[in-house]
Amino acid sequence: MNGPAFECRGLTKYFARNPALLDINITLPAGKIIGLLGPNGSGKTTLIKLACGLLTPTEGRIRVCGHEPGIESKALVSYLPERTYLPEWMTAIDCLRYFRDFYADFDYARAVSMLQSLQVPADAVMKTLSKGTKEKVQLVLVMSRRARLYLLDEPIGGVDPAAREYILETILKNYSEDSTVLISTHLIADVEKVLDEFIFLQNGQLVSYASTDSLREDLGKSIDQYFREVFRC
């Protein structure tokens, strides 16, 4: 893929008179796993929804793999929302078949393998599963697409610590080298070991965007340590 996976210039979003994002300028390269980090209400989910085309900017512009948000960009984006959205009456395997029919880039064999690896019963009805297991099913669906940009909103927020490691490994193993993964999370200590770069947002504004290597080399700090300093109450 030529060019950045995602870029925005002067991106601003208001809800009524309240700014959710203010004049954000970001360029995300291909082939990276990037953490989107910040306190609650900092604008993380708003940025992800704008990238998905679920929201429209108040000002500024967005490009996903060179496309404005629309049919072309949505075909290249695989989105994991923070909330569970799958129908309660479906089984896990029903969900896989649904995605197979809906998305041309969905790798059904990989999805079945991931479902087995995460120890999710294929015939389990969604309404009988725990919140964490439902999130595993959603992650399988999202990471089984051959997308160019993966947008993951709190992918490990509802699972136990033992499962977080496995889920992060699943993300690492199941995205192609020319794709970009943007992970929004508040569990920084858990996720930082897989991150190539990180973005800090606060009150809808860009505070920092840097590589994890430069942070460690220049400041001798982990992302979690730096986060605690920047956002100290």
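Residues numbered from 1 in each chain as written. Predicted model: local features only at pLDDT ≥ 70, side-chain atom pairs only at ≥ 80, totals over all residues. Heavy atoms only, no water.

Draft legend 1. Quick look at the overall build of the protein chain. When helices and strands are tallied, the protein chain shows 9 helices and 9 strands. When the backbone C-alpha atoms are referred to their principal axes, the protein chain occupies close to 45 × 40 × 35 Å. Put simply, 69% of the contacts in the protein chain that link residues at least 6 apart link residues at least 24 apart. About 11200 Å² of surface is accessible on the protein chain, with carbon and sulfur atoms providing 47% of the total. Here the protein chain holds 27 positive side-chain charges and 29 negative ones, and the gap between their average locations is 4 Å. (Helix = DSSP H or I, 4+ residues; strand = E, 2+ residues; numbered from the N terminus. Contact = heavy atoms within 4.5 Å. Areas by Shrake-Rupley, 256 points an atom, 1.4 Å probe, with all protein chains shown as cover. Lys, Arg positive; Asp, Glu negative; His and termini not counted. Charge placed at Lys NZ, Arg CZ, Asp CG, Glu CD.)

Draft legend 2. Representation of the sheet that holds strand E9 (residues 205-211) within the structure. Strand order in the open sheet formed by 6 strands is E5-E6-E7-E3-E8-E9, and the pairing between neighbours is mixed. The strands lining the two open edges of the sheet, one partner per strand, are strand E5 (77-80) and E9. Sheet twist, expressed as the average angle between the axes of neighbouring strands with direction ignored, equals 15°. Sheet analysis places strand E6 (residues 149-153) next to strand E7 (residues 180-184), joined by 5 bridges and oriented parallel. Following the sheet pairing, leucine 152 is matched in E7 by isoleucine 183. (Pairing = 2+ DSSP bridges. Axes fitted to C-alpha atoms, helices over the stretch in contact; angles between N-to-C directions.)

Draft legend 3. The arrangement of the sheet that holds strand E1 (residues 6-15) in detail. Read across the open sheet, the 3 strands follow the order E2-E1-E4; overall the sheet is antiparallel. Two strands lie at the open edges of the sheet, namely strand E2 (18-28) and strand E4 (59-64), each paired on one side alone. Each adjacent strand pair in this sheet contributes to an overall mean axis angle of 25°, direction not counted. Alignment of E1 against E4, held across 5 bridges, turns out to be antiparallel. Residue glutamate 7 lies in a different strand from E4, and its bridge partner there is arginine 63. Along the sheet, helix H1 (residues 44-52) contacts E1, E2 and E4; its crossing angle with E1, the most-contacted strand, is approximately 115°.

Draft legend 4. Inspection of the nonpolar core at higher detail. Of all hydrophobic cores here, the largest spans 49 residues; its most connected members are Val137, Met143, Leu152 and Ile171. With 6 residues, the single largest contributor to this core is helix H5 (residues 131-143). Other than its neighbours up to four places away in sequence, leucine 152 contacts Ile48, Leu80, Val142, Met143, Ile171, Val181, Leu182, Ile183 and Ser184. By size, the runner-up hydrophobic cluster in this structure holds 24 residues, among which are Cys8, Ile24, Ile34 and Leu151. (Core = buried A, V, L, I, M, F, W, Y, C linked by side-chain atoms within 4.5 Å. Buried < 20%, exposed > 50% of the residue type's maximum accessible area, 1.4 Å probe, protein only.)

Draft legend 5. Inspection of the pairing of E6 at higher detail. Counting buried positions over the 5 residues of E6 gives 5, a clear majority of the element. Here E5 runs beside E6; their pairing, made up of 4 bridges, is parallel. Each bridged residue has a counterpart across the sheet, and for valine 77 the counterpart in E6 is leucine 149.

Draft legend 6. Region of interest: helix H9 (residues 223-230). Every buried residue of H9 is listed here: Ile223, Asp224, Tyr226 and Phe227. Taken end-on, H9 shows its buried residues confined to a sector of 160°, consistent with a single buried face. Tucked into the core, H9 has its buried residues touching strand E3 (33-37), helix H7 (188-191), strand E8 (197-202), E9 and helix H8 (212-219). (Arc of directions from axis to C-beta.)

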